[in-house]
Amino acid sequence: MSVYLYPGGFRLVRKSGVGQALLHQQKALISAGIPLAQTIQESSIVHINTVFPDSFLIAFTARISGKKVVYYAHSTMEDFRHSFPGSDQFAPLFKIWIKWCYQMGDIIITPTEYSRNLLTNYGIQKPIYVLTNGVDTDFFSPAGKEHHFRKKYGLSDSRQVVISSGHMIERKGLLDYIFLARKLPQITFFWFGYTPSCLIPKTVRRAIADAPDNLIFPGYVTQEELRAAYCEADAFAFLSLEETEGIVVLEALACGIPVLLRDIPVYREWIPEGDGVWKARDINGFINALSNMLSTPVSAFKGTGRSIALSRRLESVGKCLASIYEKEGFLSRSKKEETVL
């Protein structure tokens with residue numbers, strides 16, 4: 001028994017949460033002792049993470065070849081809206097398309113109960129499992145301030161810094177983030193992430209061009225640079241309007257940085273407010289929350305955020321995947337015995 005992680009479209013999504021999720025699956029499976037196949041022919045289980053046409057064809061090919069298909073539902077119609085040019089108009093068609101894709105799976109895996117409820121309401125009939133995308137809690141962890149991040153950008157220890165990360169699109173809350181930076185010129189803001197200019201709506205491009213000087217756009221950075229920012233900044237603000245989970249939120253929680261979230265349904269079920277986590281719904285709420293965050297010493301927090309991240313570490317994800325395979329009859333007897341042992 002071996003698993004093939006279909007890499008189709010990875011070049012397009014590698015700088016996104018979907019690309020990171022695929023890498024997490026690789027680490028999770030290795031941690032659980034589940035062999036990874038180098039080709040689809042060698043595999044008995046195929047994981048698919050994207051909804052491009054080639055992904056649909058691979059799922060179809062795998063099914064008729066007698067292989068089991070695990071389709072990851074990272075995308076929904078709801079989080080397709082307010083993203084790329086024309087996304088609002090094409091959202092209903094996108095919903096039809098992703099239903100076709102997901103139903104090619106023998107089973108579907110989605111990261112939260114919230115996203116499972118959306119898929120169920122779409123009328124999808126296949127078994128839908130909830131399993132977090134996970135986070136590498138060994139890599140993303142609290143650390144002493146080594147000043148790599150602050151030195152790179154010439155920031156003193158006394159300068160208050162707020163960071164965020166994601167595609168440069170409206171749905172990620174970028175317009176509110178820009179407005180927030182304008183309202184708080186005494187704070188330095190960073191937005192990490194890259195989106196090709198042709199995929200950024202004109203309104204967002206104009207807002208970025210007119211952003212205040214205290215907001216810096218470094219573009220896409222390495223995981224090491226992002227970890228340094230989590231550990232050395234004063235707060236992480238994720239104002240996304242819609243998510244199925246949000247891997248960057250898990251990374252921030254794992255690093256122990258105070259986190260500000262837009263109060264949207266996906267987080268109500270598993271991230272409680274308090275002990276280093278603030279939630280708000282609008283600009284005034286974000287401003288008030290940041291004021292409280294930046295005036296509260298980190299030593300006052302008990303580590304709830306880190307505990308949430310640890311419950312979603314990749315080793316746990318790997319064990320859960322093995323359990324799902326076993327429940328669905330994907331594992332050979334010998335592999336079942338190894339998993340139990």
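Everything discussed here concerns the structure shown above.
Residues numbered from 1 in each chain as written. Predicted model: local features only at pLDDT ≥ 70, side-chain atom pairs only at ≥ 80, totals over all residues. Heavy atoms only, no water.

Colleague: Explanation requested: the pattern of salt bridges in the structure shown.
Modeller: Note on pairing: side chains with opposite charge can pair once their charged atoms come close. Applying the stated criterion across every chain, the model contains 10 salt bridges. In this structure, Glu243 and Arg171 form a salt bridge, with 2.9 Å as the shortest nitrogen-oxygen distance. Taken together, the positions of Glu243 in the loop between strand S9 (235-238) and helix H11 (247-255) and Arg171 in the loop between strand S6 (161-165) and helix H8 (174-183) put the pair 72 residues apart, joining distant regions of the chain. Taken individually, Glu243 and Arg171 each receive the classification buried, so the pair is uniform in this respect. (Salt bridge = Lys/Arg side-chain N within 4 Å of Asp/Glu carboxyl O. Helix = DSSP H or I, 4+ residues; strand = E, 2+ residues; numbered from the N terminus. Buried < 20%, exposed > 50% of the residue type's maximum accessible area, 1.4 Å probe, protein only.)

Colleague: Explain the layout of surface pockets here, please?
Modeller: Gaps left between atoms are located by rolling a probe of water-molecule size over the structure's atoms. Considered as a void within the structure, the largest pocket measures approximately 1,400 Å³ in volume. What lines the largest pocket is a set of 48 residues, among which Val13, Ser16, Gly17, Val18 and His167 lie closest to the centre. When residues of the lining of the largest pocket are traced back to their parent elements, those giving at least two are helix H1 (10-13), helix H2 (17-31), helix H4 (77-80), helix H5 (87-102), helix H10 (223-232) and H11. When its residues are assigned to classes, the lining of the largest pocket shows 22 nonpolar, 17 polar and 9 charged. Taken as a whole, the second largest pocket holds about 400 Å³ of empty space. (1 Å grid on protein atoms, 1.4 Å probe; cavity = no way out; pocket = protein on both sides within 12 Å on 5 of 7 lines; lining within 4 Å. Points joined across faces, edges and corners; volume = space filled by probe spheres on them. Nonpolar A, V, L, I, M, F, W, Y, C, P; charged D, E, K, R; others polar.)

Colleague: Just to check I follow, could you spell out the environment of Asp213 for this structure?
Modeller: Position of Asp213 among the secondary structure elements: in the loop between helix H9 (202-209) and strand S8 (215-219). The class of Asp213 is exposed, set by a relative accessible area of 79%.

Colleague: Would you explain the packing of aromatic side chains in this entry?
Modeller: Applying the stated criterion to the full structure yields 18 aromatic pairs. With a centroid separation of 4.9 Å and 80° between ring planes, the pair formed by Phe139 and Phe140 is classed as edge-to-face. Here the two residues Phe139 and Phe140 agree in accessibility, since each one is buried. Pairing Tyr230 with Phe236 gives two aromatic rings, centres 5.7 Å apart and planes at 70°, and the pair type is edge-to-face. Residue Tyr230 shares its accessibility class with Phe236, and that shared class is buried. Joined through ring pairs, the aromatic side chains of Phe139, Phe140, Tyr230, Phe236 and Phe238 make up one cluster. The side chain of Arg227 reaches across the aromatic face of Phe139, ending 3.9 Å from its centre. (Phe/Tyr/Trp six-rings, centres within 6.5 Å; stacked < 30°, edge-to-face > 60°. Lys NZ or Arg CZ within 6 Å of the ring centre and 35° of its normal.)

Colleague: Honestly, the pairing of strand S2 (residues 45-48) in this entry has me stumped. Any pointers?
Modeller: In the case of a regular strand, side chains alternate between the two sheet surfaces. Here S2 shows no split at all, with Ile45 and His47 on one side and Val46 and Ile48 on the other all buried. With 3 bridges joining them, strand S1 (residues 3-5) and S2 adopt parallel strand pairing. Residue pairing across strands places Val3 opposite Ile45, the latter belonging to S2. Bridge count for S2 against strand S3 (residues 68-72) is 4 bridges, and the pairing is parallel. In the strand pairing of S3, Ile48 is matched with Tyr71. In the classification by handedness, the crossover that spans S2, the intervening helix H3 (residues 53-64) and the parallel S3 is right-handed. (Pairing = 2+ DSSP bridges. Right-handed = clockwise from strand over helix to strand, strands pointing away.)

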